[in-house]
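Survey of secondary and tertiary structure
Residues per chain are reported as follows:
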Amino acid sequence: MRKITLGDLAAAVSNSGGYGQVAASGLSEERLRAEIKKAKALTSKPIGVNIPLHRPNALEALEIAVEMEIRTITTSGGSPKKIMDRVRAAGLKVFHKVSTTDMGLKAQDAGVDGVIAMGFEAGGHGGRDQVTTFCLVPQLADVLDIPVIASGGIGDARGIVAAFALGAEGVEIGTRFAATRECPVPAYYKEAIVSARDRDTLVLGQDIMPLRALRNPVVERLADPKASGQVGLLASGYLESDGSAQTSIMPSGQVAGLIHGIETVSDLFAEWIGHAREVSKRLNALFGEGTS
Ligand SMILES: Cc1cc2nc3c(=O)[nH]c(=O)nc-3n(C[C@H](O)[C@H](O)[C@H](O)COP(=O)(O)O)c2cc1C
């Protein structure tokens, strides 16, 4: 997550059993190097780098990832074709974010190692085609020969187990990590996620570069189709704004309605693993061998 999943949060996720990523978006070369270095100092587990390919620093970020011995990167927002030669030469693995089956097929043709299927309910910048995670993941799993990671709308063990049931081989979680103790966003942002309900997000810039964010007066004004030209500009400054929950753009998924507290990353992982076992037992009782 842009300017959020930096060294501390990436390391906390990897130390808890996930695959933490340092978001390269919006970072200078020095800052990106420093955040990767920090993450590596805080964990001995692998960490990744997320590189939105449409951002001006994409190619620089890729070189830094190679130089700092990152093994797997994730990419979004643009075609992975332009980086594949470099990725292969450096022996990196790459998972590319897609929001339709056509995008998934193109990414597979380009040679990526897997796709991250991002549904319309997800927080942050998403696809224009409004395909939900529940529909996108199984369709991609059916048409692709490479692994599919589910992203969008996953906030607890039920979502994680459901994603695997749909054919995913992993999950990518955004909004839930924004409301953690380790997350460096302002307290009002975390509290706004915790108090949000299911209808409290809106999509801005639907025709240009859709961004799902928490509803407030600024976001309501920008969601007006006549204002969509301003969205890229304003959204790029969401964390710099010294504002409040009423004046800032706070990217968030619909899953905010499922988030009821600000916890530590390690507590979340422990809770998810325990609860996933219970959910699996319930499913086994319903569908396991010997049941009718
Ligand atoms: C605040 C915020 C910032 C994000 N920044 C990025 C980013 O820089 N690069 C990217 O590929 N995805 C970004 N995303 C999308 C997430 O990686 C992920 O796909 C999404 O949050 C999943 O949906 P969820 O929010 O329902 O968990 C961002 C999401 C949020 C909420």
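For the structure, check the block above.
Let me sum up the structure you'll find in this document. All chains use their own residue numbering, which begins from 1 and follows the written sequence. Restriction of local features to residues with pLDDT of at least 70 applies here, the model being predicted, together with a cutoff of 80 or more for giving and counting side-chain atom pairs; totals for whole chains, interfaces and linings are based on all residues. Side-chain measures here rest on the full set of heavy atoms in the structure, leaving out hydrogens and waters.

**Details of the overall build of the protein**
The test is simple: Secondary structure elements are defined from DSSP: runs of H or I of at least 4 residues count as helices, runs of E of at least 2 residues count as strands, and each element is numbered from the N terminus. We take the radius of gyration over the C-alpha atoms and set the globule estimate at 2.2 Å times the residue count to the 0.38 power. Note on classification: 1.4 Å probe, protein chains only; a residue is buried when its accessible area is under 20% of the maximum for its type, exposed when over 50%, partly exposed between these limits. Residue contacts follow a heavy-atom distance rule, with two residues in contact if any of their heavy atoms lie within 4.5 Å. Computed with the Shrake-Rupley method and a 1.4 Å probe, the accessible areas treat only the protein chains shown as cover for residues. In this count, Lys and Arg are taken as positive residues and Asp and Glu as negative ones, while His and the chain termini are left out. A charge is said to be at NZ when it belongs to Lys, at CZ for Arg, at CG for Asp and at CD for Glu.
From N to C terminus, the protein includes twelve helices and ten strands. Whereas a compact globule of 292 residues would reach a radius of gyration of roughly 19 Å, the protein reaches 18 Å, a difference of no more than 12%. Taken along its principal axes, the extent of the C-alpha atoms in the protein is 60 × 45 × 40 Å. Buried residues in the protein amount to 50% of all 292 residues. Residue pairs at least 24 apart in sequence account for 61% of intrachain contacts in the protein once pairs closer than 6 positions are excluded. With an accessible surface of roughly 14000 Å², the protein has 53% of that area assigned to carbon and sulfur atoms. The average position of the 31 basic charges and that of the 33 acidic charges among the side chains of the protein differ by 2 Å.

**A short note on the nonpolar core**
Our working definition: Here, nonpolar core refers to any group of buried Ala, Val, Leu, Ile, Met, Phe, Trp, Tyr and Cys residues whose side-chain atoms link them within 4.5 Å.
I36, I51, I73 and V115 are the most contacted members of the largest nonpolar core, which totals 66 residues. The element best represented in this core is helix α3 (residues 58–67), accounting for five residues. Grouped together as the second largest cluster of nonpolar side chains are eight residues, L202, A213, V219 and I249 included.

**Focus: α3**
Applicable threshold: Read the arc as the range of directions from the helix axis to the C-beta atoms.
Taken residue by residue, α3 has A58, A61, L62, I64 and A65 as its buried positions. Here the buried residues of α3 occupy an arc of 165 degrees about the axis, which is enough to place them on one side. Looking at the buried positions of α3, the neighbouring elements they touch are α2 (29–42), β2 (48–52), β3 (72–76) and α4 (81–89).

**Focus on the environment of L32**
Looking at the secondary structure, you find L32 in helix α2. According to the relative accessible area criterion, L32 is buried, its value standing at 2%. Taking the C-alpha atoms as reference, L32 lies 7.9 Å from I64; in sequence the two are 32 residues apart. Excluding residues that lie within four positions of it along the chain, L32 makes contacts with V22, A24, L27, A61 and I64.

**Some words on unusual backbone geometry**
A positive phi angle, near 60 degrees, is found at K3, a position not held by glycine. On the basis of relative accessible area, K3 is assigned to the partly exposed category, the value being 23%.

**Considerations on the pairing of strand β7 (residues 148–151)**
Consecutive residues of a regular strand have side chains that alternate between opposite faces of the sheet. What counts here: At least two DSSP bridges between two strands are required for those strands to pair. We call a crossover right-handed when, viewed with both strands directed away from the observer, the connection leading from the first strand over the helix to the second proceeds clockwise.
Residue alternation in β7 divides its side chains into two sets, V148 and A150 and I149 and S151, and both sets are buried. As paired strands, strand β5 (residues 114–118) and β7 are joined by four bridges and run parallel to one another. Opposite V115, over in β7, you have V148 as the bridge partner. Note: β7 against strand β8 (residues 170–172), three bridges, orientation parallel. Directly across from S151, in β8, lies its bridge partner E172. Handedness of the crossover is the feature at issue here: the chain leaves β7, passes through helix α7 (residues 157–165), returns alongside β8, and the resulting connection is right-handed.

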